[in-house]
Amino acid sequence: MKKFMLFIFLASFVCCKTEKDAEKSAEDAIDTTAFEARITINENDLALQPEAREYALGWVEFITAQNEMEKLKNSTVNDVMNNAGAISQIMGSLKTSIPDSLKSVPVEARLNVVDTKARLLNQYSAKQEPDAEVIMTTARELHTEFNNLKLQMNEIFLKSLEDFEKELDEFEQNEKEQDSATGNF
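All values derive from a computational prediction rather than experimental measurement. (Residues numbered from 1 in each chain as written. Predicted model: local features only at pLDDT ≥ 70, side-chain atom pairs only at ≥ 80, totals over all residues. Heavy atoms only, no water.)

Here we take up the overall build of the chain. Helix and strand counts for the chain come out as seven helices and zero strands. When the helices and strands of the chain are listed from N to C terminus, the series reads α-α-α-α-α-α-α. When each of the 185 residues of the chain is scored for burial, the buried share is 28%. If you take every contact in the chain between residues at least 6 apart in sequence, the share linking residues at least 24 apart comes to 80%. On the chain, roughly 12500 Å² of surface is accessible, and the fraction owed to carbon and sulfur atoms is 55%. (Helix = DSSP H or I, 4+ residues; strand = E, 2+ residues; numbered from the N terminus. Buried < 20%, exposed > 50% of the residue type's maximum accessible area, 1.4 Å probe, protein only. Contact = heavy atoms within 4.5 Å. Areas by Shrake-Rupley, 256 points an atom, 1.4 Å probe, with all protein chains shown as cover.)

Phe-62, Met-91, Leu-94, Phe-146, Leu-149 and Met-153 are the most contacted members of the largest nonpolar core, which totals 34 residues. If you list the elements that add at least two residues to this core, you get α2 (50-57), α3 (60-73), α4 (77-96), α5 (105-125) and α6 (132-156). Those residues in contact with Met-91 that sit more than four places away from it in its chain are Ala-65, Met-69, Val-114, Asp-115, Ala-118 and Phe-146. (Core = buried A, V, L, I, M, F, W, Y, C linked by side-chain atoms within 4.5 Å.)

Turning our eyes to something else, we now look at a negative patch on the surface. On the surface, a cluster of negative charge is contributed by Glu-165, Asp-169, Glu-170, Glu-172, Glu-175 and Asp-179. Looking at the secondary structure, you find Asp-179 in helix α7 (residues 161-183). By relative accessible area, which is 52% here, Asp-179 ends up exposed. (Patch = residues over 30% accessible without salt bridge, like charges linked within 9 Å, V, L, I, M, F, W, Y side chains within 5 Å. Salt bridge = Lys/Arg side-chain N within 4 Å of Asp/Glu carboxyl O. Lys, Arg positive; Asp, Glu negative; His and termini not counted. Charge placed at Lys NZ, Arg CZ, Asp CG, Glu CD.)

Let's shift gears to the confidence of the model for the chain. Across the chain, the average pLDDT comes to 83, with 77% of residues at 70 or higher. The spread of mean pLDDT over the elements of the chain runs between helix α1 (residues 2-36), the lowest at 59, and α5, the highest at 96. With pLDDT under 50 throughout, residues 25-30 is counted as low confidence; its partners more than four residues away or in other chains account for zero contacts. (pLDDT = per-residue confidence, 0-100.)

Bringing the environment of Thr-96 into the picture now. Tracing the sequence through the fold places Thr-96 in helix α4. Remark: the alpha-carbon pair of Thr-96 and Asn-112, spanning 16 residues in sequence, is separated by 9.8 Å. A distance of 3.2 Å separates the side chain of Thr-96 from the backbone oxygen of Ser-93, its partner in a polar contact. (Polar contact = N/O pair within 3.5 Å; in protein donor to acceptor, adjacent residues only side chain to side chain.)

What follows is the structure in structure tokens.
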């Protein structure tokens, strides 16, 4: 009888173990699918204005960061996790290498945000049990913040109201001169 009870106990233990293994493998399959999902970024890249682009082309770290943002759009969560350390380093060097011509409080603030998002992405990717959804969301946010950085870079080169008024006055003066020159013939 003891042998029979031992046999039933072992059989139930094995059955429970098999069910747990099946549940775990189903859970792992879901996780694998989540990590193979593509990062979907719905917003377009913001273009730099000609003046800002001129300075950005001489800023190697910016070009490198721009390339990383391009690669981010075609990546899976796994790709981002594997590249998160490099992205964090690139954004850190971007923050510390800003050219004097682009130094302003808004640009430096945006660089801090971009660097922070990149560090968070690296931190989330390095967790023992990473969350694919958190990584995907942070990657999207990083892309958005990089666009905000470019927006601030563009704003450095926007003309002030006084410059517009001066330009308008010059235009009106040229119009008057042309009208008076054509009226003399």
